[in-house]
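Overview (structure and organization)
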Amino acid sequence: MDKKLYNLQRFLLLQTKIYPQTTNAIPDAYAYAWYEECYPMFDEGVHQEYENNFKISRKQIEIISAYADSEWLAKRYYTFYQYEDHFAVRNGNSNGIDRISLTRAFRYMFLNNLFDNQFWDTLLKPTEHPTEASGITRGFNLSDIYLV
């Protein structure tokens, strides 16, 4: 039953976002997180009661954001591939972080206006990130949401 309520909440939230009259009621980062099923750790909302249903968990977002934040505060900037190496994405890891979760977590952080331009420019340095990471710093468009 919990997964059904989660999916209903997800659908209603995204439906609210795509209607022109109510689109501003839902922040872009929050809508993106729900759409990509990435735990929206940096937003307030109704997501806490559905924490166990998100494909990219709260723990994964905490691990990625804590490391990125501590390194950024120390003025150490890394490319996407360096983050993949740190989290052992290609070798398997115990925290379940893969390329998709890393990409979606960073896009969620970007949409929440976290970090500075140097962070994002270094993360997406040419030839230092996979093609699928290219859209991390792209704005959020309603056309990104497909409800079936």
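Refer to the preceding data block for the structure.
Residues numbered from 1 in each chain as written. Predicted model: local features only at pLDDT ≥ 70, side-chain atom pairs only at ≥ 80, totals over all residues. Heavy atoms only, no water.

In terms of residue burial, helix α2 (residues 28-36) counts as a mostly covered element, since eight of its nine residues are buried. Buried residues of α2: Ala 29, Tyr 30, Ala 31, Tyr 32, Ala 33, Trp 34, Tyr 35 and Glu 36, and no others. Considering only its buried residues, α2 is in contact with α1 (2-18) and α5 (99-111). Just past α2, the residue Glu 37 takes up positive phi, approximately 60 degrees. (Buried < 20%, exposed > 50% of the residue type's maximum accessible area, 1.4 Å probe, protein only. Helix = DSSP H or I, 4+ residues; strand = E, 2+ residues; numbered from the N terminus. Contact = heavy atoms within 4.5 Å.)

This part takes up the environment of Ser 134. Relative to the elements of secondary structure, Ser 134 occurs in the segment after α6 (117-123). Classification of Ser 134 as partly exposed rests on a relative accessible area of 42%. Along the sequence, Ser 134 and Ile 63 sit 71 residues apart, while their C-alpha atoms lie 22 Å from each other. Beyond its immediate chain neighbours, meaning those up to four positions away, Ser 134 contacts Leu 124 and His 129.

This brings us to the nonpolar core. A general trend in soluble globular proteins is that nonpolar side chains are found buried together. Ranked by size, the top nonpolar core spans 42 residues in total, and within it Tyr 83, Leu 102 and Phe 106 carry the most contacts. Those elements that place two or more of their residues in this core are α1, α2, α3 (58-73), α4 (80-86), α5 and α6. Apart from the residues lying within four places of it in its own chain, the contact partners of Phe 106 are Ile 64, Ala 68, Phe 80, Tyr 83, Phe 119, Trp 120, Leu 123 and Ile 136. (Core = buried A, V, L, I, M, F, W, Y, C linked by side-chain atoms within 4.5 Å.)

The topology assignment puts Arg 107 in helix α5. A polar contact of 3.3 Å, which involves the side chain of Arg 107, links it to the backbone oxygen of Arg 138. Dropping the residues within four chain positions of it, Arg 107 is found in contact with Tyr 32, Gly 135, Ile 136, Arg 138, Gly 139, Phe 140 and Asp 144. (Polar contact = N/O pair within 3.5 Å; in protein donor to acceptor, adjacent residues only side chain to side chain.)

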